[in-house]
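Inside the fold
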Amino acid sequence: MKIIKNFLATTVMPHRRQVKAGANDGEVALATASTDNIIGVTDCPGGAEIGDRVDVVLLGETELEIGGTIAFGAFFTADGTGKGVAAAPAAGVNARTGGLMTIGAVSGDIARVLVTPSRIQG
(Lines give C-alpha, C1' and ligand atoms only; values in the text may rest on other atoms or scores of the structure.)
Protein backbone atom coordinates (compact mmCIF):
# COMPACT_ATOMS: atom_id res chain seq x y z
CA MET A 1 0.00 0.00 0.00
CA LYS A 2 1.21 3.48 -0.84
CA ILE A 3 -0.37 6.79 0.20
CA ILE A 4 0.26 9.70 -2.18
CA LYS A 5 -1.04 13.25 -1.75
CA ASN A 6 -0.74 16.26 -4.04
CA PHE A 7 0.69 19.53 -2.66
CA LEU A 8 1.73 22.98 -3.86
CA ALA A 9 5.53 23.29 -4.25
CA THR A 10 7.03 26.36 -2.53
CA THR A 11 10.57 25.49 -3.64
CA VAL A 12 11.97 23.75 -6.71
CA MET A 13 11.32 20.01 -6.30
CA PRO A 14 13.50 17.39 -7.97
CA HIS A 15 12.08 13.88 -8.42
CA ARG A 16 12.78 11.35 -5.62
CA ARG A 17 13.67 13.89 -2.92
CA GLN A 18 12.40 14.42 0.62
CA VAL A 19 10.04 17.26 1.44
CA LYS A 20 8.92 19.01 4.60
CA ALA A 21 5.65 20.61 5.57
CA GLY A 22 5.37 24.12 4.13
CA ALA A 23 4.45 27.31 5.94
CA ASN A 24 0.77 26.86 5.00
CA ASP A 25 -1.57 23.89 4.80
CA GLY A 26 -1.29 22.13 1.45
CA GLU A 27 2.26 23.37 0.76
CA VAL A 28 5.60 21.56 0.81
CA ALA A 29 9.22 22.65 0.55
CA LEU A 30 12.40 20.69 -0.09
CA ALA A 31 13.70 19.11 3.14
CA THR A 32 17.33 20.16 3.67
CA ALA A 33 18.18 19.07 7.22
CA SER A 34 17.50 16.35 9.79
CA THR A 35 15.68 18.98 11.86
CA ASP A 36 13.08 19.59 9.12
CA ASN A 37 9.57 18.20 9.56
CA ILE A 38 10.01 15.58 6.81
CA ILE A 39 6.64 14.30 5.55
CA GLY A 40 7.49 12.29 2.44
CA VAL A 41 9.28 11.78 -0.87
CA THR A 42 8.46 13.46 -4.19
CA ASP A 43 7.06 11.44 -7.06
CA CYS A 44 7.33 13.96 -9.90
CA PRO A 45 9.34 12.77 -12.92
CA GLY A 46 10.86 15.88 -14.49
CA GLY A 47 10.62 17.76 -11.20
CA ALA A 48 8.39 20.67 -10.21
CA GLU A 49 8.87 24.43 -10.13
CA ILE A 50 7.68 26.86 -7.45
CA GLY A 51 3.89 27.06 -7.70
CA ASP A 52 3.52 23.69 -9.45
CA ARG A 53 1.53 20.80 -8.02
CA VAL A 54 3.67 17.90 -6.82
CA ASP A 55 2.80 14.34 -5.75
CA VAL A 56 4.37 13.24 -2.46
CA VAL A 57 4.54 9.67 -1.16
CA LEU A 58 3.49 10.03 2.49
CA LEU A 59 3.62 6.34 3.37
CA GLY A 60 4.80 3.20 1.62
CA GLU A 61 7.57 1.98 -0.63
CA THR A 62 9.07 4.33 -3.23
CA GLU A 63 12.40 5.37 -4.75
CA LEU A 64 14.74 7.95 -3.18
CA GLU A 65 17.94 9.48 -4.49
CA ILE A 66 20.76 8.73 -2.04
CA GLY A 67 23.42 11.21 -0.90
CA GLY A 68 25.63 8.98 1.26
CA THR A 69 26.20 5.41 2.42
CA ILE A 70 23.18 3.97 4.22
CA ALA A 71 22.84 0.39 5.46
CA PHE A 72 19.87 -1.88 4.83
CA GLY A 73 17.34 -1.38 7.65
CA ALA A 74 18.78 1.98 8.76
CA PHE A 75 16.77 5.17 9.19
CA PHE A 76 17.36 7.89 6.58
CA THR A 77 17.03 11.66 6.79
CA ALA A 78 17.60 14.58 4.41
CA ASP A 79 20.87 16.16 3.33
CA GLY A 80 21.08 19.77 2.08
CA THR A 81 19.45 18.82 -1.23
CA GLY A 82 16.72 16.46 0.00
CA LYS A 83 18.66 13.29 -0.82
CA GLY A 84 18.70 10.42 1.65
CA VAL A 85 21.56 10.12 4.14
CA ALA A 86 21.94 7.99 7.25
CA ALA A 87 20.17 9.40 10.29
CA ALA A 88 22.83 9.45 13.00
CA PRO A 89 22.02 12.07 15.62
CA ALA A 90 24.45 12.69 18.49
CA ALA A 91 23.55 11.46 21.96
CA GLY A 92 20.45 13.27 23.24
CA VAL A 93 19.80 14.98 19.89
CA ASN A 94 16.58 14.43 17.93
CA ALA A 95 16.51 13.84 14.18
CA ARG A 96 13.52 13.70 11.86
CA THR A 97 13.59 10.74 9.50
CA GLY A 98 11.87 9.99 6.21
CA GLY A 99 11.76 6.26 6.82
CA LEU A 100 13.75 3.04 6.54
CA MET A 101 16.08 1.63 3.91
CA THR A 102 14.82 -1.57 2.26
CA ILE A 103 18.24 -2.10 0.66
CA GLY A 104 21.76 -0.82 1.36
CA ALA A 105 22.81 2.10 -0.86
CA VAL A 106 25.61 4.58 -1.54
CA SER A 107 25.77 8.14 -2.84
CA GLY A 108 24.31 8.44 -6.33
CA ASP A 109 22.06 5.38 -6.04
CA ILE A 110 18.31 5.41 -6.55
CA ALA A 111 17.12 3.09 -3.77
CA ARG A 112 13.82 1.56 -2.75
CA VAL A 113 12.85 2.86 0.68
CA LEU A 114 9.91 2.55 3.04
CA VAL A 115 8.53 6.03 3.70
CA THR A 116 7.54 6.14 7.38
CA PRO A 117 8.28 9.65 8.68
CA SER A 118 9.28 9.68 12.34
CA ARG A 119 11.75 11.10 14.84
CA ILE A 120 14.66 9.33 16.49
CA GLN A 121 17.00 10.35 19.29
CA GLY A 122 20.72 9.62 19.49
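Preceding this paragraph is the structure being described.
Residues numbered from 1 in each chain as written. Predicted model: local features only at pLDDT ≥ 70, side-chain atom pairs only at ≥ 80, totals over all residues. Heavy atoms only, no water.

**Digging into the environment of Ile 50**
The cut-off we apply is this: The helix and strand labels rest on DSSP assignments: H or I over at least four residues marks a helix, E over at least two residues marks a strand, and numbering proceeds from the N terminus. Between two residues, a contact is recorded if the distance between any of their heavy atoms is within 4.5 Å.
Looking at where Ile 50 falls in the secondary structure, it is placed in the loop between β4 (38–42) and β5 (53–65). Once residues lying within four places of it in the same chain are set aside, the contact partners of Ile 50 are Ala 9, Thr 10, Thr 11 and Val 12.

**Points about the environment of Ala 86**
Spelled out, the test is: Relative accessibility under 20% of the residue-type maximum defines a buried residue, over 50% an exposed one, and the middle range a partly exposed one, all with a 1.4 Å probe and only protein chains included.
Structurally, Ala 86 can be placed in strand β7 (residues 84–86). Note on Ala 86: relative accessible area 36%, which makes it partly exposed. Those residues in contact with Ala 86, other than ones at most four positions away along the chain, are Thr 69, Ile 70, Phe 75 and Thr 77.

**Details of the nonpolar core**
Applicable threshold: Joining through side-chain atoms within 4.5 Å is the link that ties buried Ala, Val, Leu, Ile, Met, Phe, Trp, Tyr and Cys residues into a set, and such a set is a nonpolar core.
Among the nonpolar cores identified, the biggest contains eleven residues, and these are Val 41, Val 57, Leu 64, Ile 66, Ile 70, Phe 76, Met 101, Ala 105, Ala 111, Val 113 and Val 115. Elements supplying a minimum of two residues to this core: β5 and β9 (110–121). If one sorts the elements of this core by residue count, β9 sits on top with three residues. Beyond its immediate sequence surroundings of up to four residues, Val 41 is in contact with Arg 16, Arg 17, Gln 18, Asp 55, Val 56, Val 57, Thr 62, Glu 63, Leu 64 and Val 115. Ranked by size, the runner-up nonpolar core spans ten residues in total, among them Met 13, Val 28, Cys 44 and Val 56.

**Overview of the pattern of salt bridges**
Basically, it comes down to this: A pair is scored as a salt bridge if a Lys or Arg side-chain nitrogen falls within 4 Å of a carboxyl oxygen belonging to Asp or Glu.
What the rule picks out here adds up to five salt bridges. Notably, a salt bridge pairs Asp 36 with Lys 20, separated by 3.7 Å at the nearest N-O pair. Of this pair, Asp 36 sits in the loop between β3 (27–30) and β4 while Lys 20 sits in strand β2 (residues 18–21), and the two are 16 residues apart along the sequence. Residue Glu 61 is joined to Arg 112 by a salt bridge in which the shortest nitrogen-to-oxygen separation is 3.8 Å. With a gap of 51 residues between them, Glu 61 in strand β5 and Arg 112 in strand β9 connect regions that are remote in the sequence. Arg 112 sits in the partly exposed class, given a relative accessible area of 34%. Through salt bridges with shared partners, one network takes in Arg 17, Glu 65 and Lys 83.

**Let's talk about the pairing of β4**
Keep this limit in mind: Should DSSP find at least two bridges between two strands, the strands are taken to pair.
The buried count for β4 comes to five of five residues, which makes it a mostly enclosed element. Summarising the sheet, β2 and β4 pair through three bridges and their orientation is antiparallel. Opposite Gln 18, over in β4, you have Val 41 as the bridge partner. Here two bridges tie β4 to β5, and the two strands are oriented antiparallel to one another. Considered in β5, the bridge of Thr 42 is made with Val 56.

**Here we look at the side chain of Asp 36**
We count it as follows: Definition of a polar contact: a pair of N or O atoms within 3.5 Å, with one able to donate and the other able to accept a hydrogen when the atoms are protein atoms, and with sequence-neighbouring residues admitted only if both atoms are side-chain atoms.
Classification of Asp 36 by relative accessible area gives buried; the value is 11%. A polar contact is formed between the side chain of Asp 36 and the backbone nitrogen of Thr 32, at a distance of 2.7 Å. When neighbours within four sequence positions are excluded, Asp 36 is seen to be in contact with Lys 20, Leu 30, Ala 31 and Arg 96.

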